[in-house]
Amino acid sequence: MQVDDTGIEGLKVLTPRRFGDARGFFAETWNARTFADLGIDAVFVQDNHSLSGAPGTIRGLHFQTPPQAQAKMVRCGRGRLFDVAVDIRRGSPTYGQWFGVELSAENGRMLWLPEGFAHGFQTREPATEIVYKCTAFYAPEAEGIIRWDSCGIDWPQAGDPILSDKDALAPPLADLDSPFIFEAAT
């Protein structure tokens, strides 16, 4: 497993080893023991899978508030997307900063987002699928959202994105009274 630092504490890009032959490849994308050795001690309770038909679709920036906060392990099952995490932990030295990485079916990268990050992505190819594991169940009463264009994110596809009504009407980061508190790793 290759682990790349993002410059934001807790946020990691992970690239599992792939074993390929004429049939394709095999990759282990989750192993509790391996990930615990990397400092990721997560118990996943829900897997999500979404398909976006058109390139330029933006979904996000979403999060769930405590006590239903979610950590996520995100990867691309088909196509290509630009995945983004925004640090929304009060007191964090990187509060409000974002990190983006291209995830694709081809590169096999994954993004680990601990609790306290807003998450979103922009599709780069038709019929792009995102697959992610969550450490808490979906709780509509705990949903939080930040407007996609309020964090200074350098989205790779310019122009008007395809958005849900909810995402288009989301409040800006500047209006967020974050329920997350930064705790430095020891």
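Now for a look at the structure at hand. Because the structure is predicted, anything quoted here is derived from the model rather than measured.

A word on the pairing of strand E2 (residues 12-15). For strand E1 (residues 2-5) and E2, the ladder comprises four bridges, and the chain directions are antiparallel. Bridge pairing in E2 links Val3 to Leu14. Inspection of the sheet shows E2 paired to strand E11 (residues 110-113) by three bridges, in the antiparallel sense. Bridge assignment links Val13 to a residue of E11, and that residue is Leu111.

Bringing the environment of Gly77 into the picture now. On the secondary structure map, Gly77 appears in strand E7 (residues 72-78). What makes Gly77 partly exposed here is its relative accessible area of 39%. For the pair Gly77 and Asp37, spaced 40 residues apart in the sequence, the C-alpha separation amounts to 25 Å. Apart from residues no more than four positions distant in its own chain, Gly77 is found in contact with Ala105, Glu129 and Val131.

Counted by the stated rule, this structure contains six aromatic pairs. Taking the centre distance of 6.3 Å and the plane angle of 75 degrees together, the rings of Phe44 and Trp112 count as edge-to-face. Of the two residues, Phe44 sits in the loop between helix H1 (32-37) and strand E5 (46-52) while Trp112 sits in strand E11, which places them 68 residues apart along the sequence. We note that Phe44, like Trp112, is buried. Clustering of aromatic rings is evident, with ring pairs tying together Trp30, Phe35, Phe44 and Trp112.

Time to look at the pattern of salt bridges. Inspection of every chain in the model, using the stated rule, returns eight salt bridges. Measuring nitrogen to oxygen at the nearest pair gives 2.8 Å for the salt bridge that ties Glu129 to Arg78. Here Arg78 lies in strand E7 and Glu129 lies in strand E13 (residues 128-134), a separation of 51 residues in the sequence. On the accessibility criterion, Glu129 (15% relative accessible area) is buried. Classification of Arg78 by relative accessible area gives partly exposed; the value is 41%. The residue Glu143 makes a salt bridge to Lys166 at a minimum N-O spacing of 2.9 Å. With Glu143 in strand E14 (residues 143-145) and Lys166 in helix H2 (residues 165-168), this residue pair connects regions lying 23 residues apart in the sequence. Classification of Glu143 as partly exposed rests on a relative accessible area of 37%. Sharing partners across several salt bridges, the network here consists of Arg80, Glu102 and Glu125.

Taken together, the side chains of Val43, Val45 and Phe137 define a hydrophobic patch exposed on the protein surface, amounting to about 300 Å² of accessible area. Residue classification places Val43 among the exposed positions, given a relative accessible area of 62%.

Scoring rules and cut-offs
- Residues numbered from 1 in each chain as written.
- Predicted model: local features only at pLDDT ≥ 70, side-chain atom pairs only at ≥ 80, totals over all residues.
- Heavy atoms only, no water.
- Pairing = 2+ DSSP bridges.
- Helix = DSSP H or I, 4+ residues; strand = E, 2+ residues; numbered from the N terminus.
- Buried < 20%, exposed > 50% of the residue type's maximum accessible area, 1.4 Å probe, protein only.
- Contact = heavy atoms within 4.5 Å.
- Phe/Tyr/Trp six-rings, centres within 6.5 Å; stacked < 30°, edge-to-face > 60°.
- Salt bridge = Lys/Arg side-chain N within 4 Å of Asp/Glu carboxyl O.
- Patch = residues over 30% accessible without salt bridge, like charges linked within 9 Å, V, L, I, M, F, W, Y side chains within 5 Å.
- Areas by Shrake-Rupley, 256 points an atom, 1.4 Å probe, with all protein chains shown as cover.

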